Amino acid sequence: MATFVDQVTLHLKAGNGGNGCVSVKREKFKPLAGPDGGNGGHGGDIVLVSDSNVTTLLGFHRNPHKSSENGGPGMGDHRAGTNGELMELAVPVGTVVHDDEGTVLIDMNIAGLKYVVAEGGIGGLGNAALSSTKRKAPGFALLGTPGWQGDVQLELKVVADVALVGYPSAGKSSLVAAISAAKPKIADYPFTTLHPNLGVVESGETRFTVADVPGLIEGASEGKGLGLEFLRHVERCSALLHVLDCATLEPGRDPLTDLEVIQGELAAYPVPAGQLPLLERPQLIVLNKIDVPEARDLADFVRADLEGRGYRVFEISAVSREGLRELSFALAEVVEADRAAKAQEELERPRIVIRPKAVNESKFEVTVEGGTYGNVYRIRGVKPERWVVQTDFNNEEAVGYLADRLNKLGVEDRLFKAGAQAGSTVVIGGAGGIVFDWEPTLTSTAELMTAARGTDPRLHQSSRQTRNERREDYFARMDAKAEARAELMRERAAGLWTDDEGFEIGSGTDEAVVREGDGE
Ligand SMILES: Nc1nc2c(ncn2[C@@H]2O[C@H](COP(=O)(O)OP(=O)(O)OP(=O)(O)O)[C@@H](O)[C@H]2O)c(=O)[nH]1
Ligand SMILES: [Mg+2]
């Protein structure tokens, strides 16, 4: 399917985000008048746009490397860096986008779809934006993150404006060869054409594509021959061109019967939702092989009949090239009209923008991997990984800020739960992620429970009571109190009792006991 399925691998590099700026405002009598470093600009996205005026991926074959603009760096005096310009790449309607593992990212099956295929990097915050009541003049700024970089595959299954349909050996391949520069295989046995061929026709100002496909036979819609396979490929054509063989010697065949059989097959073909049934599209008819005298007679004979049914009819010969000019002009006209109609439709339809599916950004995973020097705790997650990229590790304040952010997200707690201790090896990110020795910050719960290096506090829980032990304690206390109370009562009855604090001891003391028990 070499010529029909157009495939190209794009090497994309979206713009990087600009770095934030560290700057302190200086005034004449106020040398340190607060931070004023501006934010870096965002890198430009690379966006695919399905456009019905584009018919091939040819342009990308010649130029598969695409990169969008970087964001500018932030500057002093609160000046933000410029955002990188977005790059739009127009692709034909029907382009299917795959990632480099072959997973379909999107099928750009209608005009006007926009798909962010490579996201630009995020601009880093400047120190002005990072200042808070706690951190009045940050001595650091965030770095811009790199834009998405990688390969995607574009695959175009259908680019035919005009689909040539007809019986085997009607002369479809010959016709494509005659009106375009395509050089399909031509032979006079059935099903010569095993794969669809595509030819580009230039007629006046108009450039359009014609698809030559394996011949149809009766029963094609039920799977006979190669026809059905082909029909899948012309689902999106704007017009059908029936190629009728006027020189066939096969019994039971003549142009009118052939047309009816082919139309019967086309009618039975289920087009996908949202697309016009094949037979409701413009249909033109060529009566081929009129270089053969009997064929010309037959063509003259059936022409009126076909025109009477409302078709535009062209008598041609793919061999002698008779009638080809008029045919090309007529096809160009039909294609132009269809494009104009589609363009109008596009104008009326709001553009649809599809972003790559949003991952849950605040989620992250901690996994434990065994290593030569003990366990390695790996953190994977959009946010932690981005924050690392944004951090200038030469700047201690910036590293401290990273630790704060990770802590706030709950990374420390999770590390602790996974069994990490002070000094454990922690990696943020996949291969090439940053590696560091973990030092829990003071505010994390981890710190509260952290024990000396080499011990695990959770293994030493003997000092904590079990439920049963606490219950025994409780009853023991109860008994002691009851005993003490009984003793006091005895003493009071004996007139011996004096209370230091002046409280009357009576049944009310029970309350205190109950309240104490609540906490258990
Ligand atoms: N005399 C004459 N022969 C033609 C003409 N067009 C095609 N042929 C012959 O018809 C035979 C079949 O032509 P193809 O172009 O392969 O026909 P096809 O419709 O592509 O056939 P399939 O691919 O099998 O469906 C070949 O031998 C061609 O030389 C024509 O205008 N005049
Ligand atoms: Mg052919």
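Note that this is a predicted model, so its numbers are computed, not measured.

What counts and how
Along each chain, residue indices are assigned from 1 in the same order as the chain's sequence is written. Chain letters start at A and ligand numbers start at 1, both assigned in the order the entries are written. Totals for whole chains, interfaces and linings use every residue, but because this is a predicted model, local features are given only for residues with pLDDT of at least 70 and side-chain atom pairs only at 80 or more, for both listing and counting. Counting from the N terminus, the helices are the DSSP runs of H or I reaching at least four residues and the strands are the DSSP runs of E reaching at least two. With C-beta atoms placed from the backbone, the exposure class of a residue follows from how many other C-beta atoms lie within 10 Å of its own: 20 or more, buried; 12 or fewer, exposed; in between, partly exposed. Residues are scored as being in contact if the C-beta atoms we place from backbone atoms lie within 7 Å. Residue count minus one, scaled by 1.5 Å, sets the expected span of a helix. In short, DSSP must find at least two bridges between two strands for them to pair. Simply put, an axis is a line fit to the C-alpha atoms, just over the touching stretch for a helix, and the angle between two N-to-C directions goes from 0 to 180 degrees. Note on terminology: a nonpolar core is any set of buried Ala, Val, Leu, Ile, Met, Phe, Trp, Tyr and Cys residues joined through C-beta atoms within 7 Å. The reported bend at a residue is simply the angle between two axes, fitted to the 7 residues ending at it and to the 7 residues beginning with it. UniProt positions are given in the numbering used here, feature names are shortened, and annotations may be inferred rather than shown by experiment. A residue's pLDDT is the confidence the predictor assigns to it, expressed on a 0 to 100 scale.

Caption draft 1: Representation of the overall build of the protein chain within the structure. Looking only at helices and strands, the protein chain has 13 helices and 19 strands in total. Put simply, the protein chain has 520 residues, and 37% of those count as buried. Sequence separation of at least 24 residues holds for 70% of the intrachain contacts in the protein chain that already meet a minimum separation of 6.

Caption draft 2: Broad picture of helix 7 (residues 324-348). Taking 1.5 Å of rise per residue, 25 residues should cover 36 Å, and helix 7 covers 36 Å from first to last C-alpha, within 8% of that figure. Taken residue by residue, helix 7 has Leu327, Ser328, Leu331, Ala332, Val334 and Val335 as its buried positions.

Caption draft 3: Quick look at the environment of tryptophan 148. Structurally, the position occupied by tryptophan 148 is in the loop between helix 2 (127-130) and strand 8 (149-156). Here tryptophan 148 falls in the buried class, since 21 other C-beta atoms lie within 10 Å of it. Each C-alpha atom of the pair tryptophan 148 and alanine 14 lies 5.3 Å from the other, and the pair is 134 residues apart in sequence. Look past the residues within four positions of tryptophan 148 in its chain and what remains in contact with it is Ala14, Ala118 and Glu119.

Caption draft 4: Fine view of the sheet that holds strand 8. The five strands lie next to each other as 3-1-8-5-6, forming an open sheet whose pairing is mixed. Every interior strand has two partners, whereas the edge strands, strand 3 (65-67) and strand 6 (104-108), have only one. On average, each strand axis in the sheet is inclined to that of its neighbour by 25°, with strand direction left out of account. Relative to strand 6, strand 5 (residues 95-99) runs antiparallel, the two being bridged by four bridges. The partner of valine 97 across the bridge, within strand 6, is isoleucine 106.

Caption draft 5: Representation of the pairing of strand 1 (residues 6-13). Burial of strand 1 is one-sided: the residues Asp6, Val8, Leu10 and Leu12 facing one way are buried, the residues Gln7, Thr9, His11 and Lys13 facing the other way are not. Sheet topology places strand 1 next to strand 8; eight bridges connect them, and they run antiparallel. Paired with leucine 12 across the two strands is glycine 150, which belongs to strand 8.

Caption draft 6: Molecular detail of the nonpolar core. Among the nonpolar cores identified, the biggest contains 45 residues, and Val162, Ala163, Leu164, Ala211, Val286 and Leu331 are the most heavily contacted of them. Among all residues touching leucine 164, those that are not within four sequence positions of it are Lys172, Leu175, Val176, Val210, Ala211, Asp212, Val213, Leu241 and Val243. Residues Cys21, Trp387, Leu402 and Phe416 belong to the second largest nonpolar core, which totals 26 residues.

Caption draft 7: How the structure looks around unusual backbone geometry. Within the chain, aspartate 77 stands out as a residue other than glycine whose phi angle is a positive 60°. If you trace the backbone, aspartate 77 turns up in the loop between strand 3 and strand 4 (87-92).

Caption draft 8: Molecular detail of helix 6 (residues 293-308). Across its 16 residues, helix 6 extends 24 Å between first and last C-alpha, which sits within 8% of the 22 Å expected from 1.5 Å per residue. Bending of helix 6 peaks at approximately 35° at the position of valine 302. Within helix 6 the residues assigned to the buried category are Ala295, Leu298 and Ala299. Packing partners of the buried residues in helix 6 comprise helix 5 (255-267), strand 13 (283-288) and strand 14 (312-315). Positive phi shows up at glycine 310, right after helix 6, with a value of about 95°.

Caption draft 9: Representation of the sheet that holds strand 11 (residues 206-212) within the structure. Taken in spatial order, the six strands line up as 10-11-9-12-13-14 in an open sheet, and their pairing is mixed. Either end of the sheet is taken by a strand with one partner, and the two such strands are strand 10 (197-203) and strand 14. Across the sheet, the mean angle separating the axes of adjacent strands is 25° when strand polarity is ignored. In terms of strand pairing, strand 13 meets strand 14 through four bridges, oriented parallel. Paired with leucine 284 across the strands is arginine 312, a residue of strand 14.

Caption draft 10: Structural detail: the UniProt feature "binding site: Mg(2+)" (unreviewed entry) in the protein chain. With numbering aligned to this structure, UniProt lists the feature "binding site: Mg(2+)" (unreviewed entry) at Ser173 and Thr193. Structurally, serine 173 is set in helix 3 (residues 172-179).

Caption draft 11: A look at the pairing of strand 7 (residues 113-118). The sheet contact formed by strand 2 (residues 46-51) and strand 7 spans four bridges and is antiparallel. Considered in strand 7, the bridge of valine 47 is made with valine 116. Here strand 7 pairs with strand 15 (residues 352-354) via three bridges, running parallel. Looking across to strand 15, one finds that leucine 113 is bridged to isoleucine 352.

Caption draft 12: Quick peek at the environment of valine 243. Examined against the element boundaries, valine 243 turns out to sit in strand 12 (residues 239-245). Separated by 12 residues in the primary sequence, valine 243 and proline 255 have C-alpha atoms spaced 9.0 Å apart. The residues touching valine 243, leaving out its near neighbours within four places in the chain, are Leu164, Gly166, Ala170, Gly171, Lys172, Leu175, Val286 and Asn288.

Caption draft 13: Highlighting the confidence of the model for the protein chain. The predicted model of the protein chain has a mean per-residue pLDDT of 81, with 79% of residues at 70 or higher. Considering only residues more than four positions removed or in separate chains, one finds that residues 496-520, a stretch of pLDDT under 50, has 12 contacts. The ipTM assigned to the predicted complex is 0.98, against a pTM of 0.58.

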